[in-house]
Amino acid sequence: MTATNYLQNDGRVHRFLRADTGRFLLPLVVLPGIAVLTLAVFGPWLAPHALGTTVGAPFQPPGDGYLFGTDRLGRDLWSQILYGGRGMLLAPLAATVATVVVGTAVGVTIGYLKGRVEAVILAALDLLLVLPPVLVMLVLATGWGGGAPVIVLTMVLTGAPFLARLTRASTLEVSQAPYVQVSVTQGDSTFTILRREILPNIVGPVLADSGMRFVGALYLVAALSLLGFGPETPKTDWAVMIRENAEGAGLNLWALALPTLMIALLSISANLVLQSIADRFAR
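Being a predicted model, the structure only gives us computed values, none of them experimental.

Conventions used here
Residues numbered from 1 in each chain as written. Predicted model: local features only at pLDDT ≥ 70, side-chain atom pairs only at ≥ 80, totals over all residues. Heavy atoms only, no water. Helix = DSSP H or I, 4+ residues; strand = E, 2+ residues; numbered from the N terminus. Contact = heavy atoms within 4.5 Å. Expected span 1.5 Å × (residues − 1). Bend = angle between axes of the 7 residues up to and from the residue. UniProt positions renumbered as here; feature names shortened; annotations may be inferred. Core = buried A, V, L, I, M, F, W, Y, C linked by side-chain atoms within 4.5 Å. Buried < 20%, exposed > 50% of the residue type's maximum accessible area, 1.4 Å probe, protein only.

(A) Representation of the environment of Pro205. Structurally, the position occupied by Pro205 is in helix H7 (residues 190–229). Distance from Pro205 to Leu163, taken between C-alpha atoms, is 9.2 Å for residues 42 residues apart in sequence. Filtering out sequence-adjacent residues up to four positions away, Pro205 remains in contact with Leu166 and Ser170.

Encoded structure:
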């Protein structure tokens, strides 16, 4: 066997091992993530106790009918987890969708149409790219308070420019393909070309990036709650639970570990699922 053949075969083996490992590890993360997602959506209907109801002593360990014990106010920890998932899911999801729509629309438009306006838009995108998301979020939260609108606007201002740059580069490459030139020759409208020829061929990179956008939005929601801009008692979310229960972790570790685990599983599984879907589009 020549050195070239050996390297080629070795590369195929490594690619196979990576794919096989991915198929094995993906369900191990995604299945718990789906469970967390289900709890976040349907949790309030499954909670054994009403939101904010005190049922025992503060930081009571698991037992006596309480699956994970109680939190700092003596509330059933499991019930608080079930009530706190929607806030950690809906705002990042809305922010991700808005970011993907705005970033893709801007990137595809300037990538296909080009022209003098392109330079101005690119300069504006570069200016927004240097803005720290947390700083933008804090400025908006100081003026408007916490909530989904602040997270959505922060993600659009700081995330859409990167996605616009990404989709512009992909559009520039795809627009040179023969099938696009055929559509132009046939006299198809710009909207038809973008919808039928461009967008289906750049959806892979967009989906791969949207996973990171969701994780970023999730972290912004957590940061907002940890900094005191989250929902006020009795309302809660998983990040608020981390902030409120950190001092009692020595008495009931679940009060800190459980909401942290929920956030981690939700972010990791969402990113892996979107990356897996993006890989399928890339094939």
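(B) View of helix H2 (residues 77–113). Taking 1.5 Å per residue as the helical rise, H2 with its 37 residues ought to reach 54 Å, and the 54 Å between its terminal C-alpha atoms agrees with that figure. Along its length, H2 shows its largest kink, about 30°, at Gly84. The positive-phi residue at the C-terminal boundary of H2 is Lys114, with phi of around 55°.

(C) Spatial organisation of the UniProt feature "transmembrane region" (unreviewed entry) in the chain. As recorded in UniProt, the feature "transmembrane region" (unreviewed entry) lies at residues 24–47, 89–113, 120–140, 146–164, 214–231 and 251–274. Here residues 146–164 is 89% helix and 0% strand, with 27 Å between the C-alpha atoms at its ends. With 89% helix and 0% strand, residues 214–231 has end C-alpha atoms that lie 20 Å from one another.

(D) Molecular detail of the nonpolar core. The biggest cluster of nonpolar side chains holds 36 residues, and the ones touching the most others in it are Met88 and Trp238. For this core, the secondary-structure elements that each account for two or more residues are helix H1 (3–46), H2, helix H4 (133–144), helix H5 (148–174), H7, helix H8 (238–245) and helix H9 (254–282). At eight residues, H2 tops the list of elements feeding residues into this core. Ignoring any residue separated from it by four or fewer positions in sequence, one finds Trp238 in contact with Val36, Ala40, Ile81, Gly84, Gly85, Met88, Pro259, Met262, Ile263 and Leu266.

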